[in-house]
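So you can see what is in the structure, the chains are spelled out below.
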Amino acid sequence: MDKKIDISACVQKTICLMLQESSQKVRHGQATSMQKLVDGLTSFSWVLDVFAPYGELRKAIKAGKTNVNTSCVIAYPTCHWSNPASELTELLCNHVKFT
């Protein structure tokens with residue numbers, strides 16, 4: 001694993017990709033209940049105002065809600081992981097100990 005990791009960008013890219021997947025599956029009628037909930041909640045600006053007041057989080061949500069498959073890659077070029085969710089999980093499992 002690369003030692004120079006932009007964790008912030010990779011967390012945001014993960015959020016973006018998860019939202020993108022949820023939106024696509026909802027559009028194609030293949031979404032789980034959780035994906036429908038996530039897609040619905042992130043579609044309301046007032047929800048974002050209350051629960052995502054921070055600029056970087058809103059940017060990740062906005063990029064994930066676009067219909068362009070490459071929007072997350074373009075929005076977060078400093079995260080070089082193609083699957084940041086699994087990489088972050090691996091990083092946490094191998095290097096963070098919860099007691």
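Source: prediction; values computed, not measured. (Residues numbered from 1 in each chain as written. Predicted model: local features only at pLDDT ≥ 70, side-chain atom pairs only at ≥ 80, totals over all residues. Heavy atoms only, no water.)

### A word on the overall build of the protein chain
Line of reasoning, step 1. Looking only at helices and strands, one finds six helices and zero strands in the protein chain.
Line of reasoning, step 2. Of all intrachain contacts in the protein chain linking residues separated by at least 6 positions in sequence, the fraction that spans at least 24 positions is 62%.
Line of reasoning, step 3. Carbon and sulfur atoms provide 61% of the accessible area of the protein chain, an area that totals close to 6900 Å². (Helix = DSSP H or I, 4+ residues; strand = E, 2+ residues; numbered from the N terminus. Contact = heavy atoms within 4.5 Å. Areas by Shrake-Rupley, 256 points an atom, 1.4 Å probe, with all protein chains shown as cover.)

### Comments concerning the state of the cysteines
Line of reasoning, step 1. By the definition in use, this model includes two disulfides.
Line of reasoning, step 2. The disulfide partner of Cys16 is Cys72, and the S-S distance across this bridge is 2.0 Å. Negative torsions about the S-S bond denote left-handed disulfides, and the value of about -85° found for Cys16 with Cys72 makes this one left-handed. Of the two residues, Cys16 sits in helix H1 (residues 7-27) while Cys72 sits in helix H5 (residues 71-75), which places them 56 residues apart along the sequence. (Disulfide = S-S within 2.5 Å.)

### Topic: the layout of surface pockets
Line of reasoning, step 1. Of the pockets and cavities examined, the largest pocket occupies roughly 310 Å³.
Line of reasoning, step 2. Along its surface, the largest pocket is lined by 16 residues, and Leu19, Val38, Leu41, Thr42 and Ile61 are the ones closest to its centre.
Line of reasoning, step 3. Those elements that provide at least two residues to the lining of the largest pocket are H1, helix H2 (33-41), helix H3 (45-51) and helix H4 (55-64).
Line of reasoning, step 4. No other element matches the five residues that H1 contributes to the lining of the largest pocket.
Line of reasoning, step 5. Its residues assigned to classes, the lining of the largest pocket shows twelve nonpolar, three polar and one charged. (1 Å grid on protein atoms, 1.4 Å probe; cavity = no way out; pocket = protein on both sides within 12 Å on 5 of 7 lines; lining within 4 Å. Points joined across faces, edges and corners; volume = space filled by probe spheres on them. Nonpolar A, V, L, I, M, F, W, Y, C, P; charged D, E, K, R; others polar.)

### Digging into helix H6 (residues 84-95)
Line of reasoning, step 1. With twelve residues, H6 should cover 16 Å at 1.5 Å per step; its first-to-last C-alpha distance of 16 Å lies within 8% of that length.
Line of reasoning, step 2. Tucked inside the fold, the buried residues of H6 contact H1. (Expected span 1.5 Å × (residues − 1).)

### A short note on the packing of H1 against H2
Line of reasoning, step 1. Across the interface, H1 lies against H2 with an axial gap of 9 Å and an inter-helix angle of 105°. When the interaxial angle is binned, H1 and H2 end up roughly perpendicular. Residues Leu19, Glu21, Ser22, Ser23, Lys25 and Val26 of H1 lie in contact with H2, whose contacting residues are Gln35, Lys36, Val38 and Asp39.
Line of reasoning, step 2. Considered class by class, the residues forming the contact of H1 with H2 number three nonpolar, three polar and four charged. (Axes fitted to C-alpha atoms, helices over the stretch in contact; angles between N-to-C directions. Parallel < 35°, antiparallel > 145°, perpendicular 65-115°, else oblique.)

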